[in-house]
Amino acid sequence: MYNLYDVKRSDDGLNYTFTTRSNIEYQIALISYPLGDVSAFSLSLYPESDPSTAPDYWIKNTVINIIGEILKNDSNSVFYVCDTADGRQNKRHLAFEYWFQKSNSEYKYVKKYDYCIVSENGYPINASILLNVNNPLANYLIEVFEKAMEEN
């Protein structure tokens, strides 16, 4: 994948940081989260300040590359829930869907399953789980992921 930012990885491999050309630092945090009898990584992407409105495709490429590297290990799985705090969860979901579609040719071993529920307040909560297609527990992980979403 072209045009990647230089990424600094924490010693434990659970945090990644990079700084954009606009001098905005991003952090990707992975948190091990129990899904049934196994664990998956919850992924969070944080800019240190509000990103500019101009698209920066290097951010997309960098995040996709990090996730692709994590999922090379076929037993890893990554999920995310689009933040609803500012009402932009649908835009985030569409952006992540676009990112996935753009990365699919390079990372053919990554499969994405989407899940959406409607909150008690009537707004959609979009979530996805990313898996290596060779993960022997893929069906189980999808099942417990859906169950966990329904319980929250």
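Being a predicted model, the structure only gives us computed values, none of them experimental.

J.: Whenever I open this one, the state of the cysteines confuses me. Can you help?
T.: Here a disulfide denotes one covalent bond, and it connects the sulfur atoms of two cysteines. With the rule as written, the count across this model stands at 0 disulfides. Distance from the sulfur of Cys82, which forms no disulfide, to the nearest cysteine sulfur (Cys116) is 9.2 Å. With relative accessibility at 44%, the residue Cys116 sits in the partly exposed group.

J.: How should unusual backbone geometry be read in this particular structure?
T.: In most cases, non-glycine residues show a negative phi, while peptide bonds are predominantly trans. The phi dihedral of Asn23 is positive, around 65 degrees, even though this residue is not glycine. Of note, Asn23 is situated in the loop between β2 (15-19) and β3 (25-35).

J.: Sorry if this is basic, but what is going on with the side chain of Asn135 here?
T.: Note that Asn135 resides in the loop between β7 (124-132) and α3 (138-151). A relative accessible area of 6% means that Asn135 is categorised as buried. Side-chain polar atoms of Asn135 contact the backbone oxygen of Asp74, separated by 3.1 Å. Apart from residues lying up to four places away in sequence, Asn135 is in contact with Asp74, Ser75, Asn76 and Leu141.

J.: Explain the pairing of β7 to me, please; I cannot follow it from the model alone.
T.: Every other side chain in a regular strand lies on the same face of the sheet, so the side chains alternate between the two faces. In terms of burial, β7 is largely enclosed, as 8 of its 9 residues are buried. With 5 bridges joining them, strand β5 (residues 77-81) and β7 adopt antiparallel strand pairing. Pairing of Ser77 across the sheet is with Leu131, part of β7. Sheet topology note: the strand β6 (residues 110-118)/β7 ladder contains 9 bridges and is antiparallel. If you follow Asp114 over to β7, its bridge partner there is Ser128. Hairpin geometry of β6 and β7 is characterised by an intervening segment of 5 residues between the two adjacent antiparallel strands and by a positive phi of about 90 degrees at Gly122.

Cut-offs applied
Residues numbered from 1 in each chain as written. Predicted model: local features only at pLDDT ≥ 70, side-chain atom pairs only at ≥ 80, totals over all residues. Heavy atoms only, no water. Disulfide = S-S within 2.5 Å. Buried < 20%, exposed > 50% of the residue type's maximum accessible area, 1.4 Å probe, protein only. Helix = DSSP H or I, 4+ residues; strand = E, 2+ residues; numbered from the N terminus. Polar contact = N/O pair within 3.5 Å; in protein donor to acceptor, adjacent residues only side chain to side chain. Contact = heavy atoms within 4.5 Å. Pairing = 2+ DSSP bridges.

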